[in-house]
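Letter by letter, the chains look like this.
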Amino acid sequence: MRQNPSFAMTDVAEIRRLIARNPWVTLVSSTDNGLVASHYAVLLDDERDDLTIVGHVGKPDDLVHGLGERELLVVVQGPHGYVSPGWYGDTPSVPTWNFVSAHLSGIPEILTPDENLRVLDKLVAHFENGMPQPRLLWERPNDPDFVTRLEKGTVGFRLTPTRVVGKRKLSQNKSDEVVETVIAELDGGGAYADPRLADEMRRDFEARKAAR
């Protein structure tokens with residue numbers, strides 16, 4: 001991802017927030033057979049305060065990616081959406097796309113079966129937490145044999161990235177009036193409305209104004 005100093009996101013807390021809110025990521029590896037990509041959910045490692053993530057892949061994706069043997073790129077995609085030139089007013093302009101994203105790269109550590117089970121348990125608990133009646137990994141109708149078979153079909157990993165590129169392109173190069181207009185349009189009911197992106201823009205805009 002090409003970096004632009006105006007849009008760089010380097011604060012660890014902000015990237016952690018991005019990962020926590022957007023756990024469905026893309027895993028990319030360069031292999032002897034070319035590039036391969038897979039899609040899985042990850043969590044921040046709750047025993048660390050850096051950008052370490054934990055997750056799993058289903059077999060044989062571990063072999064496809066050479067997991068643990070070569071560099072893995074994890075693409076975290078946050079809110080994103082189309083920005084019309086009509087929102088800029090009567091001035092020469094072209095369409096663009098606002099977004100928040102981070103790329104985490106490094107060689108992952110393969111988890112032991114016990115560690116993998118703990119991560120699987122945490123993943124289920126994390127996402128079931130929003131359900132009215134959560135179905136946790138070890139609860140009926142699941143039994144220990146079922147959970148053990150499940151674990152054997154997956155490979156858990158922990159990635160502490162050695163390279164991080166974070167980018168937050170949210171109209172920072174536009175005037176306050178234009179930013180406010182874009183936020184209003186994204187918050188509206190039009191074809192390109194996106195409240196999540198509007199919220200990210202508003203949050204960034206207020207932080208930049210407070211820092212002036």
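Computed from a predicted structure; not experimentally measured. (Residues numbered from 1 in each chain as written. Predicted model: local features only at pLDDT ≥ 70, side-chain atom pairs only at ≥ 80, totals over all residues. Heavy atoms only, no water.)

Draft legend 1. Structural context of the packing of helix H5 (residues 176-187) against helix H6 (residues 195-210). At a closest axis distance of 8 Å, the pairing of H5 and H6 adopts a crossing angle of 155°. Judged by the angle between their axes, H5 and H6 are roughly antiparallel. Seen along the crossing, H5 lies across H6 with a hand that is left-handed. Every residue of H6 that contacts H5 at Asp176, Val179, Glu180, Val182, Ile183, Leu186 and Asp187 is listed here: Pro195, Leu197, Ala198, Met201, Arg202, Phe205, Arg208 and Lys209. Among the residues making up the contact of H5 with H6, the classes are represented as nine nonpolar, no polar and six charged. (Axes fitted to C-alpha atoms, helices over the stretch in contact; angles between N-to-C directions. Helix = DSSP H or I, 4+ residues; strand = E, 2+ residues; numbered from the N terminus. Parallel < 35°, antiparallel > 145°, perpendicular 65-115°, else oblique. Left-handed = near helix turned anticlockwise from the far one by under 90°. Contact = heavy atoms within 4.5 Å. Nonpolar A, V, L, I, M, F, W, Y, C, P; charged D, E, K, R; others polar.)

Draft legend 2. Quick peek at the environment of Thr52. Along the polypeptide, Thr52 turns up in the loop between strand S2 (34-44) and strand S3 (53-58). On the basis of relative accessibility, which here comes to 0%, the residue Thr52 falls in the buried class. Spatially, the C-alpha atoms of Thr52 and His39 are 18 Å apart, while their sequence positions differ by 13 residues. Excluding anything up to four places from it in sequence, Thr52 contacts Leu43, Leu44, Asp45, Arg158, Leu159, Thr160 and Pro161. Here Asp50 takes part through its side chain, which lies 2.9 Å from a polar atom of the side chain of Thr52. (Buried < 20%, exposed > 50% of the residue type's maximum accessible area, 1.4 Å probe, protein only. Polar contact = N/O pair within 3.5 Å; in protein donor to acceptor, adjacent residues only side chain to side chain.)

Draft legend 3. Just the pattern of salt bridges, in detail. What the rule picks out here adds up to 14 salt bridges. Salt-bridge contacts for Asp50 lead to Arg48; the nearest nitrogen and oxygen are separated by 2.7 Å. The class of Asp50 is partly exposed, set by a relative accessible area of 21%. Looking at Arg48, the relative accessible area reads 36%, which means it is partly exposed. In this structure, a network of salt bridges that share partners links the residues Glu14, Arg168, Arg203, Asp204 and Arg208. (Salt bridge = Lys/Arg side-chain N within 4 Å of Asp/Glu carboxyl O.)

From the geometry alone we can't say anything about function, so treat these as descriptive.
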